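Architecture and fold: a report
Chain residues, written in single-letter form:
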Amino acid sequence: MYIIKKPPVDFTTDVKPIINKNCITCHGGVKQKAGFSLLFREEALLGKTESGKRAIIPGDAGNSEMIRRLTLKDPEERMPYKHDPLPKEDIALLTRWIDEGAHWGEHWAYTTVKETSVPQPAAFFGLFKSKSKWASNEVDNFIEAKWKGTELFASPQADKQTLLRRASLDIIGMPAPENIVRQYLNDSSAKAYSNLVDSLLASPHFGEKWTALWMDLARYADTKGYEKDDNRNIWHYRDWLINAFNHDMPYDSFLTKQIAGDLLPGATDEDLIATAFQRNTMTNDEGGTDNEEFRTAAVMDRVNTTWQATMGTTFACVQCHSHPYDPFKHEDYYKFLAFYNDSRDEDTQADYPLLRHYNDSLQTELKNITNWLQNNASPAKAKEVYTFLKTWQPAYNSLTCDSFTNSALADTKWLAVRNNALCRLKNVDLTNRTQLIFRYQGYADGGIWQIHMDQPSGPLIAAVPLKKTKDGWTISKAVLDPQSGIHPLYFTYTNHLLKKPGDTGAMFDWFYFTSDIAVASQPGYDSVEKKYWRLLNANVPTTPIMMDNPKNMHRTSYVFERGNWLVKGAAVQPGIPASLGALPANAPANRLGMAQWLTSTQNPLTARTMVNRVWEQLFGTGLVETLEDMGSQGTLPTHRELLDWLSYGFMHGDKWSMKKLIKTIVLSATYKQDSKILPVQLQKDPGNKLYTRYPRVRLSAEQIRDQALCISGVISNKMYGPSVFPYQPKGIWLSPYDDAKWVDSKGEDQYRRALYTYWKRSAAYPSMLTFDGVSREVCTVRRIRTNTPLQALTTLNDPAYIDLARQFAFRMQALAGKDVHQQIQTGYQLATHHTINEKSLQALMNLYNSGYKQFKSNDNKACEMVGGINKHTNAETAALIVVANAILNLDEVVTKN
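From a predicted model like this one, the values you see are computed outputs, not experimental measurements.

1. Topic: empty space enclosed by the protein
Applying the stated rule across the entire model yields eight cavities of 30 Å³ or more. Quantified by volume, the largest cavity comes out at close to 490 Å³. As for the largest cavity, its lining consists of 30 residues, of which Gln 617, Ser 700, Glu 702, Gln 703 and Arg 783 are closest to the centre. Elements with a minimum of two residues in the lining of the largest cavity: helix H9 (205–217), helix H19 (606–619), strand E16 (697–698) and helix H23 (701–712). It is H9 that provides the largest number of residues to the lining of the largest cavity, a total of five residues. For the lining of the largest cavity, a count of residues per class yields nine nonpolar, six polar and 15 charged.

2. Comments concerning the pattern of salt bridges
Under the criterion given, the structure shown has 40 salt bridges. For Glu 365, the salt bridge is made with Arg 534, and the minimal N-O distance between the two is 2.9 Å. One end of the pair, Glu 365, is in helix H15 (residues 360–376); the other, Arg 534, is in helix H17 (residues 525–536), with 169 residues separating them in the sequence. As a salt-bridge pair, Lys 718 and Asp 749 come within 3.1 Å of each other at their nearest N and O atoms. Remark: Asp 749 occurs in the loop between H23 and helix H24 (766–770) and Lys 718 occurs in the loop between H23 and H24; sequence separation between them is 31 residues. Look at the salt bridges and you will find they share partners, linking Asp 216, Glu 702, Arg 776 and Arg 783 into a network.

3. What to know about the nonpolar core
In this structure, Ile 171, Trp 214, Tyr 237, Phe 254, Trp 307, Phe 336 and Trp 615 are the most contacted members of the largest nonpolar core, which totals 169 residues. With sequence-adjacent residues up to four places away left out, Phe 254 is seen in contact with Trp 214, Trp 240, Leu 241, Ala 244, Phe 245 and Met 249. The next biggest cluster of nonpolar side chains, apart from the first, holds 31 residues, and it includes Tyr 396, Leu 425, Phe 438 and Tyr 493.

4. Quick notes on the environment of Met 453
By the secondary structure assignment, Met 453 is in strand E8 (residues 447–453). On a C-alpha basis, the gap between Met 453 and Phe 560 in space is 33 Å, while along the polypeptide they are 107 residues apart. When neighbours within four sequence positions are excluded, Met 453 is seen to be in contact with Leu 430, Gly 458, Pro 459, Ile 461, Gln 483, His 487, Pro 488 and Leu 489.

5. Focus: the packing of helix H10 (residues 235–246) against helix H11 (residues 251–260)
Running from amino to carboxyl end, H10 crosses H11 at an angle of 160 degrees, the nearest separation of the two axes being 11 Å. Classified by the angle their axes make, H10 and H11 are roughly antiparallel. H11 is crossed by H10, and the crossing has right-handed handedness. Contact residues: H10 offers Tyr 237, Trp 240, Leu 241, Ala 244 and Phe 245, while H11 offers Phe 254, Lys 257 and Gln 258. Classifying every residue of the contact of H10 with H11 by side-chain character gives six nonpolar, one polar and one charged.

6. Description of unusual backbone geometry
For the bond running from Met 79 to Pro 80, omega is -5 degrees, close enough to zero to count as cis. Cis rather than trans, the peptide bond between Gln 393 and Pro 394 has omega equal to 5 degrees. For Pro 394, the location among the structural elements is in the loop between helix H16 (379–391) and strand E4 (396–397). Of note in this structure, Lys 82 is not a glycine but carries a positive phi near 60 degrees. You can see Lys 82 is positioned in the loop between helix H3 (65–71) and helix H4 (88–99). Looking at Lys 82, the relative accessible area reads 66%, which means it is exposed. Here Tyr 720, not a glycine, exhibits a phi torsion of approximately 70 degrees, which is positive. Here Tyr 720 is to be found in the loop between H23 and H24. You can call Tyr 720 partly exposed: its relative accessible area is 28%.

Reading the values: rules and limits
Residues numbered from 1 in each chain as written. Predicted model: local features only at pLDDT ≥ 70, side-chain atom pairs only at ≥ 80, totals over all residues. Heavy atoms only, no water. 1 Å grid on protein atoms, 1.4 Å probe; cavity = no way out; pocket = protein on both sides within 12 Å on 5 of 7 lines; lining within 4 Å. Points joined across faces, edges and corners; volume = space filled by probe spheres on them. Helix = DSSP H or I, 4+ residues; strand = E, 2+ residues; numbered from the N terminus. Nonpolar A, V, L, I, M, F, W, Y, C, P; charged D, E, K, R; others polar. Salt bridge = Lys/Arg side-chain N within 4 Å of Asp/Glu carboxyl O. Core = buried A, V, L, I, M, F, W, Y, C linked by side-chain atoms within 4.5 Å. Buried < 20%, exposed > 50% of the residue type's maximum accessible area, 1.4 Å probe, protein only. Contact = heavy atoms within 4.5 Å. Axes fitted to C-alpha atoms, helices over the stretch in contact; angles between N-to-C directions. Parallel < 35°, antiparallel > 145°, perpendicular 65-115°, else oblique. Left-handed = near helix turned anticlockwise from the far one by under 90°.

Here's what the structure looks like:
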């Protein structure tokens with residue numbers, strides 16, 4: 001007789017689900033009733049309960065208070081309190097778990113990614129390995145291994161035309177250009193599909209497609225958000241993303257530059273532009289708001305975005321309390337926040353700090369200035385001047401002033417002073433600072449601005465006459481008496497020419513304390529100084545970037561009690577959750593060090609998160625369906641071993657190459673399967689979790705538009721540059737503060753790809769919102785696909801789509817001549833790459849004939865459908881436009897099959 005021994009109870013798969021469902025709401029990160037918490041092992045085993053009895057005694061369930069309370073009959077004593085008792089099976093499982101030692105175990109997603117062996121089919125009663133007849137690569141081995149015992153099998157490979165459309169939409173986000181189409185369809189070799197994939201990966205449209213994905217994660221918008229939602233010039237960052245994807249920038253570098261590009265040695269302008277990833281945070285320009293409150297909100301948003309976008313976790317929970325389900329403590333949030341909390345931005349209206357983009361001639365002048373300073377001042381001074389000319393930083397923003405008398409923060413944005421004004425600027429380092437450069441507007445002549453040290457009647461270190469400025473903001477300078485140390489400065493302003501007590505004499509933007517660029521007696525000084533001031537005042541485009549405070553402007557970070565930014569707890573230093581290891585050896589305790597940890601091969605989440613996201617883009621659903629949560633409350637992976645195999649290969653074999661990862665997946669037999677569903681598949685695997693067919697997925701908002709542009713033959717291949725304004729109905733924008741209006745772009749800008757569309761957070765492009773586009777106030781990890789009548793109403797009636805249907809009809813006529821049958825066949829071929837069947841052709845012919853009959857008898861309707869009187873205005877063309885519109889709305893066109 002043999003005794004079959006049960007395997008040990010697994011905490012992650014057996015125990016944790018019971019605890020999360022029944023216990024953690026009262027005994028976890030948010031609440032710890034009776035002093036008992038089940039969030040961490042040390043708390044559960046060693047923490048003192050109110051009764052003084054140990055809830056869990058490893059190896060002794062009989063004396064463990066937790067088991068006793070679960071089995072009591074009295075509902076006032078039995079746990080869970082005021083709920084039904086646990087099933088006997090669950091109590092038995094918990095009892096056996098404690099008797100076995102109450103081992104905790106780690107959630108699968110928080111363990112380091114390890115190399116995973118590829119499963120192989122077995123032959124001769126499992127004694128030998130054989131080779132799969134179906135698998136194209138290792139991906140398929142993992143997929144096929146899950147079919148054992150299910151009676152399921154692979155679907156046939158999709159036809160050549162279907163694979164062309166599928167791969168094109170997935171890799172470049174739009175139908176393939178005609179040259180790639182011809183090359184593939186005329187290629188009869190075994191490598192035809194592989195060659196197609198290589199061509200698509202090499203296309204400049206690849207970067208546009210994957211940038212569209214990242215823009216949701218980066219909460220990219222052309223406006224600042226909140227009530228005013230004013231314009232923000234940040235499109236250089238979108239262009240940086242396109243270039244990064246097109247050049248297959250390794251994903252670890254891709255992340256590092258966006259998180260800490262400014263901290264890289266010898267950081268370039270491109271590295272600085274990359275950091276705009278974390279400047280897509282919203283800025284509140286509404287008057288009367290607290291700038292420190294919204295600066296803090298932006299910093300917290302950066303923390304949440306970093307974790308959601310790169311590590312797929314719900315770390316934001318931890319800002320108010322320890323995580324209810326995952327191993328992150330309350331203070332972990334604020335240690336991580338400290339990486340971002342020392343940045344220079346302070347909710348300013350101008351979005352400082354900004355990278356100032358010089359044209360070639362100005363950039364040459366800057367180079368000449370820095371070279372001269374290298375030789376005639378010092379390398380340190382040259383670096384300081386270069387940074388200041390490129391960013392106007394590090395400057396003290398006037399909105400940090402306080403203690404106002406006859407002065408105020410105008411609209412809570414800028415320091416405004418009246419006659420006999422007084423205010424304070426705290427904690428200014430004056431050591432070796434003999435010059436003050438400031439940006440201001442003067443509203444009246446005759447003003448005197450004085451700067452006192454330590455107190456209003458303290459030593460006078462500068463007296464500056466302020467004149468009325470002609471063209472708004474200007475930058476000027478003042479000489480400071482030499483001082484040392486950090487001091488509060490008191491500003492006074494007098495102007496007896498101001499007639500009314502409420503008249504403003506001047507308004508300040510920022511203050512930069514420095515020293516002269518060099519000794520004035522140096523040969524060439526006068527010429528260099530003129531160039532310096534010309535660059536300083538140059539009106540140039542800008543992009544918001546990340547920049548840390550220098551040491552003398554350091555900002556201390558604290559734990560916020562219960563997440564309230566006004567209630568500061570203990571001070572903290574930058575750090576990562578102990579449950580996920582530590583910063584790499586010798587890594588600096590700043591954003592760069594954090595990025596090194598994030599992209600380390602020891603980080604368990606980063607590679608898995610991106611691999612899972614790529615899989616979701618290609619198959620419609622991730623291997624872990626909850627892209628936003630890989631934690632213990634997220635869904636379990638359908639193919640954990642495959643996820644780990646791809647993740648390990650992504651980091652090690654592929655060296656973080658996105659293109660190699662995508663190619664591996666799209667070359668698999670799994671990806672190339674047909675979409676037709678068999679009854680047995682519908683019965684046994686309705687959700688297609690086992691991938692015995694390719695899923696049918698509706699195209700994204702961007703793809704719907706881009707595909708229509710391509711099919712109609714009007715898409716612009718113009719790349720990069722400021723966002724554009726394709727047709728939008730009037731009245732969508734209501735901008736009372738600046739009276740901004742949506743003015744339709746002209747020419748080819750009207751037909752550019754969707755990712756170039758101007759994105760206003762409070763009134764995002766409506767037709768894309770209808771197809772589940774997001775407003776991007778915060779990071780969006782996963783768009784949930786919906787199916788509403790508004791979608792059909794949009795593509796059937798939106799004037800932008802009617803215009804594209806017109807262009808499509810004109811194209812059909814140009815390519816197919818006057819024969820209507822041939823026109824419709826050509827249109828269907830252009831839209832799907834397939835030949836239309838007789839039944840569908842007849843249905844579209846009936847639609848054409850019905851339209852033709854109406855338009856023939858009503859010239860006004862025909863004129864309206866064609867869009868006015870022109871060479872196309874006739875009943876035949878009007879009817880064909882109706883057919884073109886129908887083709888653009890076919891299920892096989894708006895769906896990826």
